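Tertiary structure, described
Given next are the chains, with one letter for each unit.
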Amino acid sequence: MSGIVTVIIDEKQITVPEGANLLRAALDNGVYIPHLCANEETEKPAASCRLCFVEIDGFLNPVTACTQQVKEGMVVRTRSRRIDRLVQTAFELLLSNHRLGCAKCARNGSCELQKIAKERGLKLKLTRLKSVVQETPIDDSPETFVYDASRCVLCGQCIWVDRHRVKVGAIGFIRRGMSRKVATFGETGFAKSRCTQCGECVKVCPVGALIPKAQG
Amino acid sequence: MEPMEEPKEEPMEDELEIIHAEVDSVLKRYESNPEKLIPILQGVQAKLGYLPKEAMLQIADAVQIPEVEVYGVGTFYNQFRLNPPGKHQIKVCMGTACHMTGGRIIMDSFERRLEIPEGETTPDREFSLERVACVGCCALAPVVLVDEEVEAKVRPTRVDGILLGFGMELPSANNKQKEEGREE
């Protein structure tokens, strides 16, 4: 019957609807693949975090799982030397522009970076790269949350919910390259923007960039 | 170095009218099509010399996308400037030869004297400071273009000379030593 396909991920046979997203299929069936920029609803993830690499039989090189659709008989591996190297490098690149110091971070323990490091046996410190974290002012203008750009990993989850779920359009990516960041129009800070402070973006932030304000 | 602070000066009333009128005419030409965002921004910049915030807000409203999206595109491309060009435009070359012979020092000198970061305009709109990639006369490095005139083999003392030539008042020698010219 068309509509249901069988794929093999890490020697585990799973059946999923045809055309489903490979990353989703793996996650829903208990195979963990690191990821930051994709969520359950993104049809076309930006594929910008470069963490969800997998090897698929018939493909010459590792590919990002979030941009693949499952096909009948697909054979997928989530770990290999090549994948681990790619993910390790991508992870360290993210860390090089992410202010570390987990002990002082409100997301300590629930941080997606910590989870990825634990799953893949990666270090939460820089070994090959220099830290290029810029000292940016923390925006504590909203009443219920705080934005610390130096902890942002540019996954774009907050922007996605802002545009597609709550449909406000207060935040977006600005500038380019090393200066890229999430900001409001004119970089006014959240309180002066059209942000409604619904707090949805805070819920989806995988790291400590958007965190609820401590009570009291 | 990135512009961090808010642009200080707000456009004046009559300026606002000009902005709205020019943006309107450009929007009409592209039928407020969101796919034509870049040509629209280019058209507005060609008319006004820069992209004022008011213009970006008006464009966002007309093509019905969040204003931060317009701002994102405006800050992504080097061709767009968000500050009005100054009466005197200073372009410091950062090409390979100029970089090797101290272009950064020259840029720092201008930044310190004009008290603005690279890419911005002084509040009185007298000077705007930019970096350029190569002017095409590397033998004269480090090079500065002052209103399209080439200044060759520029030293920090020449930076003061250029600004003095435009009638800018510099801190006196005593202050300079104490405060590195940052005072006042």
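Conventions used here
Residues numbered from 1 in each chain as written. Chains lettered and ligands numbered in written order. Predicted model: local features only at pLDDT ≥ 70, side-chain atom pairs only at ≥ 80, totals over all residues. Heavy atoms only, no water. Helix = DSSP H or I, 4+ residues; strand = E, 2+ residues; numbered from the N terminus. Rg over C-alpha atoms; globule rule 2.2 N^0.38 Å. Buried < 20%, exposed > 50% of the residue type's maximum accessible area, 1.4 Å probe, protein only. Contact = heavy atoms within 4.5 Å. Areas by Shrake-Rupley, 256 points an atom, 1.4 Å probe, with all protein chains shown as cover. Lys, Arg positive; Asp, Glu negative; His and termini not counted. Charge placed at Lys NZ, Arg CZ, Asp CG, Glu CD. Domains from an automatic or database assignment. 1 Å grid on protein atoms, 1.4 Å probe; cavity = no way out; pocket = protein on both sides within 12 Å on 5 of 7 lines; lining within 4 Å. Points joined across faces, edges and corners; volume = space filled by probe spheres on them. Nonpolar A, V, L, I, M, F, W, Y, C, P; charged D, E, K, R; others polar. Pairing = 2+ DSSP bridges. Axes fitted to C-alpha atoms, helices over the stretch in contact; angles between N-to-C directions. Parallel < 35°, antiparallel > 145°, perpendicular 65-115°, else oblique. Left-handed = near helix turned anticlockwise from the far one by under 90°. Disulfide = S-S within 2.5 Å. Buried area = accessible area lost by both parts, 1.4 Å probe. Salt bridge = Lys/Arg side-chain N within 4 Å of Asp/Glu carboxyl O. Polar contact = N/O pair within 3.5 Å; in protein donor to acceptor, adjacent residues only side chain to side chain.

Now for the overall build of chain A. Looking only at helices and strands, chain A has five helices and nine strands in total. Seen in sequence order, chain A has helices and strands lined up from the N terminus as β-β-α-β-β-β-α-α-β-α-β-β-α-β. By the compact-globule yardstick of 17 Å for 216 residues, chain A fits well, its C-alpha radius of gyration being 18 Å. Counting all 216 residues of chain A, 52% fall into the buried class. Within chain A, contacts between residues at least 6 apart in sequence are counted, and of these 59% link residues at least 24 apart. Total accessible area on chain A is roughly 11400 Å²; 51% of this is exposed by carbon and sulfur atoms. A distance of 6 Å separates the average location of the 32 positive side-chain charges in chain A from that of its 22 negative side-chain charges.

This part is about the domain arrangement of chain B. Here chain B is described as being made up of domain 1 (13–76) and domain 2 (88–179). For domain 1 of chain B and domain 2 of chain B, the distance between their C-alpha centroids amounts to 31 Å.

Let us now look at empty space enclosed by the protein. Residues and elements named next belong to chain A. Taken as a whole, this structure holds four cavities of 30 Å³ or more when the rule is applied. When its volume is computed, the second largest cavity comes out at roughly 110 Å³. Contributing to the lining of the second largest cavity are 14 residues, with Asp162, Val166, Cys195, Cys198 and Cys201 lying nearest its centre. The set of elements that each furnish at least two residues to the lining of the second largest cavity consists of helix H4 (157–165) and helix H5 (200–204). Of the residues assigned to the lining of the second largest cavity, the class counts are nine nonpolar, three polar and two charged.

Residues and elements named next belong to chain A. Here strand E7 (residues 171–174) runs beside strand E8 (residues 181–184); their pairing, made up of four bridges, is antiparallel. Opposite Gly172, over in E8, you have Ala183 as the bridge partner. As consecutive antiparallel partners, E7 and E8 are separated by six residues, and within that stretch Arg175 has a phi angle of approximately 60°, a positive value.

Now for the sheet that holds strand E4 (residues 63–64) of chain A. All names here are of chain A. Taken in spatial order, the five strands line up as E2-E1-E5-E3-E4 in an open sheet, and their pairing is mixed. Looking at the sheet topology across the chains shown, the edges are occupied by strand E2 (12–17) and E4. Where strand E1 (residues 4–9) meets strand E5 (residues 75–77), two bridges bridge the pair, whose relative direction is parallel. Across the sheet, residue Ile9 finds its bridge partner in E5, namely Val76. Against the sheet, helix H2 (residues 81–96) touches strand E3 (53–56) and E5, its axis set at about 160° to E3.

Right, let's get into the sheet that holds strand E1 (residues 88–93) of chain B. Residue and element names in this part refer to chain B. Across the sheet, which stays open at both edges, the four strands sit in the order E2-E1-E3-E4 with mixed pairing between neighbours. The sheet is open, and its two edges are formed by strand E2 (127–132) and strand E4 (149–151), each paired on a single side. Each strand axis lies, on average, 25° off the axis of its neighbour in the sheet, ignoring direction. Pairing between E1 and strand E3 (residues 144–146): three bridges, direction antiparallel. Looking at the pairing, Lys91 lines up with Leu145 of E3. Lying over the sheet, helix H6 (residues 103–114) contacts E1, E2 and E3, oriented at roughly 165° with respect to E2.

Moving on: the packing of H6 of chain B against helix H7 (residues 156–165) of chain B. Residues and elements named next belong to chain B. It is the contact of H6 with H7, at a shortest axis distance of 9 Å, that shows an interaxial angle of 40°. Judged by the angle between their axes, H6 and H7 are oblique. Here the hand of the crossing between H6 and H7 comes out right-handed. Where H6 approaches H7, its residues Ile105, Ile106, Ser109, Phe110, Arg113 and Leu114 are matched on the opposing element by Pro156, Val159, Asp160, Ile162 and Leu163.

This part is about the state of the cysteines. All names here are of chain A. Under the counting rule described, the total for this entry stands at zero disulfides over all chains. Among the cysteines around Cys49, which has no disulfide bond, Cys37 carries the closest sulfur, lying 3.7 Å off. Here Cys201 is not cross-linked by a disulfide; its sulfur's nearest cysteine counterpart is in Cys198, at 6.1 Å. For Cys201, a relative accessible area of 10% translates into the label buried.

The next point concerns the interface of chain A and chain B. Contacts between the two partners involve 17 residues from chain A, matched on the other side by 15 residues from chain B. Summing the contributions of chain A and of chain B, the shared interface buries around 1500 Å²; its carbon and sulfur component is 56%. Its largest share of buried area at the contact with chain B, chain A owes to Arg175, Arg176 and Phe185 of chain A, together 46% of the area lost on that side. The tally of links between chain A and chain B comes to two salt bridges. Between Arg163 of chain A and Glu69 of chain B there is a salt bridge, with its nearest N and O atoms 3.0 Å apart. At the junction of chain A and chain B, the tally comes to five residue pairs in polar contact (both at pLDDT 80 or more).

The next point concerns the layout of surface pockets. Volume-wise, the second largest pocket comes out at about 410 Å³. Among the domains, domain 1 (4–91) and domain 2 (135–216) of chain A are the pair contributing at least three residues each to the lining of the second largest pocket.

On to the pattern of salt bridges. Counted by the stated rule, this structure contains 24 salt bridges over all chains. Its salt-bridge partner being Arg77 of chain A, residue Glu55 of chain A comes within 3.4 Å of it at the nearest N-O pair. On the criterion of sequence distance, the pair formed by Glu55 of chain A in strand E3 and Arg77 of chain A in strand E5 is long-range, its members being 22 residues apart. Among the residues examined, Glu55 of chain A registers a relative accessible area of 10% and is labelled buried. You can call Arg77 of chain A partly exposed: its relative accessible area is 33%. A salt bridge links Asp148 of chain A to Arg151 of chain A; the nearest nitrogen and oxygen atoms lie 4.0 Å apart. By the burial criterion, Asp148 of chain A is buried, and Arg151 of chain A matches it. Each of the salt bridges in this network shares a partner with another, and the network as a whole consists of Arg104, Asp108, Glu111, Glu118 and Arg131 of chain B.

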